[in-house]
Amino acid sequence: MDLNFINNVGTEQLHPPLKLFNTLRSVHNVKSFMGVRGPTERIEMDHALKRYIFKLLYYIALDNGKDIKFLFPDSNIDFNSLDELLDKSSSEETDFYRMKSSQMNNKHSFKHSGRNCGRKFKVGEPLYRCQECGFDDTCVLCIHCFNPKDHENHHIYTDMCNDFTTGICDCGDEEAWNSELHCKADEITNDNDSKESIEEHQFNEESITMVLTEALNYFLDLFNQNIESLPTFTKDITMTLRQLTQEKKITEVKSFLEDFKYKNIFADEGSQDQFTVMIYNDEYHNYSQATTALRQGSPDNVHTDILTSKIDSEGRAMLKCSDDVETLMAGFFAVQTNGLCATLTSWSEFVHQETCKYIIQWMGHCLTIPNSNFQSIFRDALGKVLTTPGDALTHSDGPLQNIHQYFPNKLSGTTTHPHLDLSILNEFNRIPQGYHQTLPESSLHSISNTLNQTIPVEEKEYANSRLQLLLYFDNRFWKKLRKDIQNVIIPTLASSIIYKPIFCGQVVQIFNHITRSIAYMDREPQLTALRECVVQLFTCPTNAKMIFGGENGYFIDIVWSIIDIFVEFTKIDNGTLVWQRVQKSNPTKSYGISLKQGLYTIETLISKVDDANILLRPAEFISVVTLCKLFNGAWKIVRKEGEHVLHEDQHFIPYLEYTTSIYSIIQTMVNAVVNEGCDRQLLLNAIRLINSFLGYKSLTYKLVHNSHEIIKFSVAVDRVAYMNPIHTLFSFLIENVPLVEAYETIIYQDSNSAPQLPVVPDSLTFNAMLQFKEEYEDKLSQSFDFLKISDFSLRSVVLCSQIDVGFWVRNGMSVLHQTSYYKNNPELNTYSRDIHLNQLAFLWEVDDTPRVIYNLLDRWMLLEWFDGKVEFKDTEYKDKISLIIQHFVAFIYQILTERQFFQTFESANCKKMSQIKNAIMYNLYTKPLSYSKLLRLVPDYLTENSTLFDLALNEVSIFREPKGLADNGVFKLKEIYYSKIDPLRVSNLGNEFESSASIIKKHLDKEKGGEESKIILQPQLVPPKNMDDGAKLLGSFTRHPVFAKIIYKLLQVCLDSEDGIFLNELLHLVHGIFKDDEQVNGKSSFPDAYLSKPICNLLLSIVNSKTDVFSENIRTKADYLLKRMITKRQEEVFDSLVAGFGDDYVQQYKNRKLSEGVNLEESERERKKRLAKKHQERLMAKFNNQQNKFMKENEDEFKERDKEDVVDEEGDINMTDSDKIVEGEDFTCSLCQDESSTDMYVIPAYHDHTPIFRKSRFGDVDEYLKEWNGFDNDDSGFVKELEDISDAVSNGTKPTRKVFVSCNHHIHYNCFKRYIQKKRFSSTAFICPLCQTFSNSVLVVHPTVKYQNGMDISIGGNPACSALGNSLATLNEQEKTNLLTTFDAVLTDTQYFDKQFHKSKYRSIANAAEILAVNFANTISMLEIASRLDKDTNNTFLVGKEQRFKTLKNLLIFIIQIYKTAGAPEVELDWVSKLHRDEFKNEGPACRNELFQIIVRSCLFKDQSLSSCIEEVLTVYSQLFFEDYVGCALSNREFNETWNYVTKTYEAPPAVSEKVSVYMDKLIVKNKINFEGYSEVNLEHFKALAYASFLKQILPTLRRCFILLKTFQLVTSEYEDSQFIIDSINVETSLIPEASSSLKETIDRMTSILAKCDNIDELIINEIAADQLPVGYEQVSDEYCGVVKLINLSKYLNTYVTDTNAIRLTEENRRSRNSSNRLDFKICLTCGAKIHSRTDRHEISKHLSQNCFKPFGAFLIPNSSEICLQLSQPPSSIFISAPYLNSHGEAGRNAMKRGDLTTLNLTRYEHLNKLWINNDIPGYISRVMGDEFRVSILSNGFLFALNRDPATRRRVPPTNEGDDSEEEEFGGNGDDFFTDEDIDEEDRFRNMNGQPGDVRDFFQIFQTVRNAMDNGENVGEDVDLTTPFLQLFGQQFRGANPNNDNDGIDPDEPFHDDTDDEETAW
Ligand SMILES: [Zn+2]
Ligand SMILES: [Zn+2]
Ligand SMILES: [Zn+2]
Ligand SMILES: [Zn+2]
Ligand SMILES: [Zn+2]
Ligand SMILES: [Zn+2]
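This structure is a prediction, so every number in the text was calculated from the model and none was measured.

Trainee: Whenever I open this one, the overall build of the protein confuses me. Can you help?
Mentor: Tallying secondary structure elements over the protein gives 81 helices and 31 strands in all. Classification of the 1962 residues of the protein by burial places 61% in the buried group. In the protein, once contacts between residues fewer than 6 apart in sequence are set aside, the share between residues at least 24 apart is 79%. Put simply, the protein shows about 77000 Å² of open surface, and 49% of that area lies on carbon and sulfur atoms.

See the structure below:
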């Protein structure tokens, strides 16, 4: 190696490769990088170095600078040569490579023509999946590529990319997509020609390749020598240094360091280098530990926290540097003493390392340049350079020489692979041989109990490419560098068609190396590149095929590499090798990471196999099973006795976690076999192989009854395992072959090659079988005993039952959780497999059935009792015996009846269909469920095929539409299917027998109309003709005399002890036995064994038992069975009965049969339940009073609070009649219930601004010509920006714009004050004590007396207030004074309902009436505007809405009472207008309904009749209107356009009447100028249009007048019976017009009632108005007269997510990072703004307070299909489902989950609109939040801000589901604590790939839990540790909740917060 010549040539003339070679390797000699320096200077140097490297590499790569202008067209290149450039490198001006962000974000940038996209996702960006197009759910598209047109009607689902998500876009990858996609980036045409030409430029591939080659060679050369940070060396190096230092051998220290530093030909020999201490990241120190450790090392940067965070983000940092090594030593050791990893690195090496870092960053930079030509060339070159098998390191000096010199024994140890074990290259600088193994032929015939013999594979060839070296060196890089390398390599190669397979091949070659490295040699194993490699490569079918295919044996190598690691943690247990929990200290958790990674790899690969035969090939099969069997029975538990355990044993967690993963691998394998089909011989061979493992255990036997050898084992004494995945696999495999063949395979186990073996008879009749066995006894495998296999399954079953009944109570809760997880997890499907194997035992050990029965009894620990050695009450089970028998009977029943594994089907699909239907039926029969909920309950393997699933669902269930604002549609089981439900089957494992039976009976009862108690539930048995031949005699064991004896003894026990606990089940079993006998032996058959024992006598005793002994159900069933016996064997049965009971007794029975009497005695269960209920009622009594009453009254309105409601028929808020009336006047105090008290009453009220008063768009014809036609949503695709919203927003703060909302609940004022004080509310922020509606004021109310029937519109010359005052009860002076005091107090609290007024000189109680009158007018206007959403509103706006009218009435009473008590306000001063004019000087009108405000004030306070008030105001307004209209007329041209539009869009408005025409002509003449050019016709049109506009403009005010009058009428007459009659006209009916009256007719009719003129025209020409504007009218403005509502929404929610460009939204914050690509935005429904997430999560409150209507808002969150309702004061928010439903009737997150298309539901949206318009959102929020809202008020949102984690936020649960908590066992096992049901498990478990619910999630959770347990601290990401953990385990696991022992009061029960109670702890 002689490269010295390099130095001798002038640098400028050098050949570019050489130039690059030299420059890089001598970078430490560049002046500005030489020499140690302080922290600040180091940062500067860092920047300079980056520039230097970027410029250098770009310059050479771009053809020596020639191409710079093509790649960076905007840059100015002001240099002539590379040297000049490098000299100036530190100046920013020469940073030609910097691109403007506009250039980066250019849509063209993302074109990837000619290659796959491979774009990495950025935070906040969506990833798109398509169920129809994607190959699997790892296939995703980025926002630039996703083209909605490709996926019309497809199931698209999106995920938001977050910090934990990784992945690249698969666009262009043909394998990823089932159909051809059209990348959207390609569709965007490039209209910029010059740009085109730049893109056309061909870059010099050669120079790019050369730069990449040289740069990577240099990179690898550096890291080849860099071993100091390797975990295999750090310790040794430190020890050596420590020793040398202690011995004060400083020279040796220096030369040691010199020797280990990076060297190349440019190193200056002999010169002393300077040194640095580098600290490396690890994952096992937390922040504060690290900081402390760092301080000890006395860093040169005083800001230790900066150092710590740099170590965390970068992965390493420099502690300090110095030119004197000695000064560094102390810190170097100190830091390491505290556990951190540190190296002493020379300064020059540091510079080189940083250089390498920038080389990689430069590559990353290249990959982002938006030039597709450059991209293809660069990516190609990178692929080639990385993958070329090569000699990258031929000129490199490895570390070997140093190792030999300093650590000779490291290489000469006993290991066979010294280089690999040290994680270094071998002596040829090549990758050393791995530990490859393969199975020799001799190992392929059986599976050993330990490990099959393998032979090492020597001399594997590796590519030794740069890629492989980088992967091999992976553990040498620090965190950031490691990630950068992965981000450069993996997306680039994995998205390349050419390099992806090569990449995969090279990874697979050194899979062994990488796996070992993760497990043993990695400081940060979680950062391994392998994970992403597996995700990107092994999921691709072509790659998987390659891995499985050919002679390379890659798959086997991979499996054995993984087994190798697992074997490290195993032990021999009873002769079998099993896995054992990792007990070694392992701070990096590398073993766990490596083991999980291994299992994940295997599962991924297996799931991609397209040919199941591959998996069954002996070598592959044995390898996978070898891995799995390490977990077969690995976790054993022992029953504890004596003291209770104090600490729950947590060791089970890793076993459960890995074994679950193993089950999942097995499931994947079996899926392949079932779905793809496979070769029968291979399958049988697989069975034989497993049998060789399972069937040959040496077990101890014992002899019973001197003749039967059974297995000796006791579940309660011996160590016992419940998880046996290999047994499960065995059962799976047997299920998939004919039973006879499986049997043959097993019994001929040892002699598989013998050709002349007899064939087992086809039909295994009992005798044929016995005969066969006898004949061929000698040829059979001698030791064959199927009990050896089935007994393990039996142990699991018994164990689960024992734990269930509490026999293992001393072992603590954890065993209960474990076994219920095992038993009840439908995915594992383990329990039914255990039953299957026990069925096989009865079938295959047929020659000695008693032996199997005895073994069964013995395992259940019942044999001694059976043999009569122990009394029933004296068994080991003690008092638990009855419960254990209950389980035992159920188990026997299941052995007899579970036949799905033996059932024969026409096709695999038929089988699946039947399984699906079964699963649906058993999940639906107890209660209807929503689609998602059902999907969660049905195992995944049944829901994979959604078409099949939907088909089945459709067949067995009925869909019921959602009804409320927050519920989902549900599926209900069809009635006819109830008869198919068998409560004792495994499918019903989760439910108790008797309650299930009664549900079924109830439904059958409905069907048949019979008597519930007389219905006999039939056992559901698959008839033998539909079963495998080999299983037809499944039930024959039940007919054996020994078995009949069991039944007899059990029945006897029940009678003796008069205990019916298991009798229901037992009789059902007997029923099943009889039925099975009939099916097998014919209708008339009856099993003799049941006659030879007097079982019929026992049945009769049960039938005749006293009613308090056994329930009616039991006696009915016994009776039924007895009858059945009698019909078949009448003589024998009666003989037996007579012998037992005597003739008379039997005769009596016969007689009674004739006159069937029914005893209605309740069942035991019901009796218990009743007692519990009684208990509950006592407890509830104190809460009951007013709450219950209230609930009843408001059933509809507040149903959503009623979570306890079992009847799921009810919706939440009932949308159709939410205004349903509270009947009658109810003056009862909500708090004290005292009706007699004379205290003043108040009602709570919410007084606030409203966003609905909007300015008219005056000239906008749409506003007034569009008819009001109820609620409508314009989904034409975009959101119109509302101009007038600014008005609503800016004026939204004016006091005259406030309205009142109230729940109208009466409270004594004094009670109210006490309540406020006690609850620590304030009188301006509290919730109604009755209904929890948020309120901020109270209104003083008063009862009314009936005054007169009907009213006179022309109520005399007195103000209405004084007239109406007569209907209020009169007060004496004292009462008046009291009242005034109360008024004063209430008004002071609320600042007189108007701050300006409060501050002004006008303030007085009397004047307050006027302020209230304004708000009263506003509230009326609100009601009017809200009613525009109704259909046919002009006829219906007065009907219904009782709650709102009641509020109006109460408000009016308040005003009247003030008037009456305090006197008249000073109306004539017009101070209200003045007040607000002063305050808001130059702003527009304060409100938009001033006109109506004037009417209200005049009516109430002026001495004028109502009609003349109204008439006057309307006349003035009409004239003002026309003057304005004519004054602002359009020019002729504009008018023509407008008119054209009108005639095109609407029916042309009719011509005006003569009178009006004349009137207008006068005005037109006055404004002649405006009408220049108008033709005669145009003038007519103009007038028509003006008139049309006028009519619509006046209409709201007319309607409001009617509402006002109706309110008057409500005050004057009793509420109930009154009709709204004015001057003997019944207004409500008279307003309903004849068929089709026009708007004009309606208005005329209204005018005639209100104003005593015949029509509106008369009003206009009325001459009462003076020329001068009357006082008070200056402020009158035009109000918007269209329909006011929230913004229009898109028809499909998907559109927001998939096609954002189609929707035009106002961007609120354009500057937010990457905003155009982000999908995590919200849409303000008030103003239509698009609001991006802020990191502080305050985006919504910011929007409200700065840009929108302040008090409250509603926001659509498109990506989660939710609406966020937000209240500003106190800050509170809730989340409800968005008004979009999918085809399954589901809303919210559930609706989106599977990519279903969700469509806008108008009814729901309308309801939300009404909530919003009526200012009801605050009240709704508080009612939903309940007590939480109280916290909000008290803390004023402080807690709220803390609690903003979206995972814990408050959601409205759908009301009609999720109540798994039906209180069956009241006060029982506390299942009802997880009311948060609706937060989906999946949501919490969303994993790295965003796929919910797979095995990795499981790991994730366990990891979290374990971390928490290990460290005893929060891990930060997931604070709520227990919940997901518990939820994972399903229902049973929830018993672990410490709150368990409650006394039956649901903490979420809405109204239990009683005010009389003592204050709860705050
Ligand atoms: Zn893409
Ligand atoms: Zn694309
Ligand atoms: Zn698609
Ligand atoms: Zn009271
Ligand atoms: Zn209330
Ligand atoms: Zn807004």
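Trainee: Got a minute to help me understand the coordination of the zinc ion (ligand 1) in this structure?
Mentor: Where a metal carries four tetrahedral donors, each ideal angle is 109.5 degrees; where it carries six octahedral donors, the ideal angles are 90 or 180 degrees. Note on the zinc ion (ligand 1): its protein donors are C117 (SG), C142 (SG), C145 (SG) and C169 (SG). The metal-donor distances range over 2.2 to 2.3 Å. For the zinc ion (ligand 1), the donor residues sit on a single chain with the sequence spacing C-x24-C-x2-C-x23-C. Here the zinc ion (ligand 1) and the zinc ion (ligand 2) are spaced 4.3 Å apart, linked through C145, which binds each one. As far as burial versus exposure is concerned, C142 and C145 are alike and both buried.

Trainee: What's the story with the environment of T668 in this structure? I'm lost.
Mentor: If you trace the backbone, T668 turns up in helix α29 (residues 652–676). Accessibility expressed as a relative area gives 14% for T668, which makes it buried. Put simply, T668 and T604 are 64 residues apart on the chain and 9.1 Å apart in space, counted from C-alpha to C-alpha. The contact partners of T668, leaving out residues within four places of it in the chain, are E603, I606 and S607.

Trainee: Got a minute to help me understand the pairing of strand β3 (residues 275–280) in this structure?
Mentor: Within a regular strand, the side chains alternate between the two sheet faces. In terms of burial, β3 is a largely internal element, six of the six residues being buried. Every second residue of β3 is oriented toward a common face, with F275, V277 and I279 on one face and T276, M278 and Y280 on the other, all of them buried. Where β3 and strand β4 (residues 316–322) come together, six bridges link them in antiparallel fashion. Each residue of the ladder has a partner; that of M278, found in β4, is M318. With six bridges connecting them, β3 and strand β5 (residues 341–346) associate as antiparallel partners. From the neighbouring strand, Y280 faces β5, where its bridge partner is C341.

Trainee: Explain the pattern of salt bridges here, please?
Mentor: When charged atoms on two side chains of opposite charge get close, those side chains can pair. Overall, the coordinates contain 68 salt bridges when judged by the stated rule. Here E1078 makes a salt bridge to K1128, at a shortest N to O gap of 2.2 Å. With E1078 in helix α46 (residues 1063–1081) and K1128 in helix α49 (residues 1112–1128), the pair connects residues that are 50 residues apart, well separated along the chain. A salt bridge links E1424 to R1428; its shortest N-O distance comes to 3.1 Å. The burial state of E1424 is the same as that of R1428; both residues are buried. Among the charged side chains, a salt-bridge network with shared partners connects K702, D791, R795, D858 and R859.

Trainee: What exactly am I supposed to notice about the packing of aromatic side chains here?
Mentor: Each pair of aromatic rings is reported with the distance of its centres and the angle of its planes. Enumeration over the complete set of coordinates arrives at 81 aromatic pairs. Ring geometry for W860 and F891: centres 5.7 Å apart, planes at 40 degrees, overall tilted. Residue W860 is located in the loop between α37 (849–859) and α38 (863–866), and its partner F891 is located in helix α39 (residues 881–897); the two are separated by 31 residues in the primary sequence. A residue is classified by how much of its surface remains accessible, and W860, at 0% relative accessible area, is buried. Each residue in the set Y1517, F1521, F1522, Y1525, F1535, W1539, Y1559, F1571, Y1574, F1582, Y1587 and F1590 is aromatic and connected to the rest through ring pairs, giving one cluster. The positively charged end of K697 is found above the aromatic ring belonging to F693, 4.2 Å away from the centroid. Taking the ring centre of F901 as reference, the NZ or CZ of R833 above it sits at 3.8 Å.

Trainee: Could you clarify how one ought to interpret the nonpolar core in this entry?
Mentor: Among soluble globular proteins, nonpolar side chains are generally buried collectively. If you look at the biggest cluster of nonpolar residues, it comprises 320 residues, and the most contacted ones within it are Y58 and W362. No other element matches α29, which puts 13 residues into this core. If we skip the residues at most four places from it in the chain, W362 touches F54, L57, Y58, A61, V211, L212 and F378. By size, the runner-up hydrophobic cluster in this structure holds 203 residues, among which are C171, F1312, W1471 and V1676.

Trainee: It is not clear to me how the coordination of the zinc ion (ligand 6) should be interpreted in this structure. Could you clarify?
Mentor: Coordination of the zinc ion (ligand 6) by the protein involves C1724 (SG), C1727 (SG), H1743 (NE2) and C1748 (SG), with metal-donor separations of 2.0 to 2.2 Å. Taken together, the four donor atoms coordinating the zinc ion (ligand 6) and their angles of 103 to 117 degrees define a geometry best described as tetrahedral. Considered as a linear motif, the donors of the zinc ion (ligand 6) on their single chain read C-x2-C-x15-H-x4-C. Of this pair, C1724 sits in strand β25 (residues 1721–1724) while H1743 sits in helix α72 (residues 1739–1747), placing them 19 residues apart in sequence. H1743 shares its class with C1724; the two are buried.

Trainee: Got a minute to help me understand the packing of helix α75 (residues 1817–1825) against helix α76 (residues 1827–1835) in this structure?
Mentor: Their axes nearest at 5 Å, the elements α75 and α76 cross at an angle of 115 degrees. Overall, the two elements α75 and α76 adopt an arrangement that is roughly perpendicular. Between α75 and α76, the contacting residues are I1821, S1822 and M1825 on the first element and D1827, E1828, F1829 and S1832 on the second. Considered class by class, the residues forming the contact of α75 with α76 number three nonpolar, two polar and two charged.

Trainee: Any chance you could explain the confidence of the model for the protein here in plain terms?
Mentor: Detail in the predicted coordinates should be disregarded across regions flagged by low pLDDT. For the protein, the average pLDDT comes to 80, and 81% of its residues sit at 70 or higher. Throughout residues 1178–1224 the model reports pLDDT below 50, and contacts reaching past four residues in sequence, or to other chains, amount to 104 contacts. Long-range and interchain partners of residues 1853–1962, a stretch whose pLDDT sits below 50, account for 210 contacts in this model, where long-range means more than four residues apart.

Trainee: Help me understand the sheet that holds strand β24 (residues 1706–1707) in this model?
Mentor: Sheet strands pair by backbone hydrogen bonding; their relative direction is either parallel or antiparallel. With respect to topology, six strands assemble into an open sheet ordered β24-β26-β25-β27-β28-β29, the strand pairing being mixed. Strands at the two margins of the open sheet, each flanked by one partner only, are β24 and β29 (1772–1777). Bridge count for β25 against strand β26 (residues 1729–1732) is three bridges, and the pairing is antiparallel. Paired with I1723 across the strands is K1730, a residue of β26.

Cut-offs and rules
Along every chain, residues carry numbers that run from 1 in the direction the sequence is written. The order in which chains are written sets their letters, starting at A; the order in which ligands are written sets their numbers, starting at 1. Owing to the predicted nature of the model, reporting of local features is limited to residues with pLDDT of at least 70; listing and counting of side-chain atom pairs is limited to 80 or more, with chain, interface and lining totals taken over all residues. Excluding hydrogens and water, the side-chain figures rest on all heavy atoms present in the structure. In this text, helices come from DSSP runs of H or I with a minimum length of four residues, and strands from runs of E with a minimum of two, each type numbered from the N-terminal end. Residue exposure (1.4 Å probe, protein chains only): buried if accessible area is under 20% of the type maximum, exposed if over 50%, otherwise partly exposed. Any two residues whose heavy atoms approach within 4.5 Å at even a single point are treated as in contact. Calculation of accessible area relied on Shrake-Rupley with a 1.4 Å probe; when residues are assessed, cover is drawn exclusively from the protein chains displayed. The rule for donors is simple: an N, O or S atom within 2.8 Å of the metal counts, and for Na, K and Ca the reach is 3.2 Å. Water is not among the atoms, so a site may look short of donors. Pairing between strands is defined by DSSP: at least two bridges between them are needed. Salt bridges are counted wherever a side-chain nitrogen of Lys or Arg sits within 4 Å of a carboxyl oxygen of Asp or Glu. Any pair of Phe, Tyr and Trp rings, taking the six-membered ring for Trp, is counted once the centres come within 6.5 Å. Such a pair is stacked with planes under 30 degrees apart, edge-to-face with planes over 60 apart, and tilted for the rest. For a ring to carry a charge above it, either NZ of a lysine or CZ of an arginine must fall within 6 Å of the ring centroid while also lying within 35 degrees of the normal to the ring plane. The definition of a nonpolar core used throughout is a set of buried Ala, Val, Leu, Ile, Met, Phe, Trp, Tyr and Cys residues joined through side-chain atoms within 4.5 Å. Donor angles set the geometry label: tetrahedral for four donors if every angle is between 85 and 135 degrees, square planar for four and octahedral for six if opposite donors exceed 155 degrees and the others are between 65 and 115, irregular for anything else. Between N-to-C directions, angles cover 0 to 180 degrees, with each direction set by a line fitted to C-alpha atoms, over the stretch in contact for helices. Orientation labels follow simple angle bins: below 35 degrees gives roughly parallel, above 145 gives roughly antiparallel, 65 to 115 gives roughly perpendicular, and whatever is left gives oblique. Each residue is assigned to one class: nonpolar for Ala, Val, Leu, Ile, Met, Phe, Trp, Tyr, Cys and Pro, charged for Asp, Glu, Lys and Arg, and polar for all the others, Gly among them. Confidence of the predictor at the level of single residues is captured by pLDDT, which takes values from 0 to 100.

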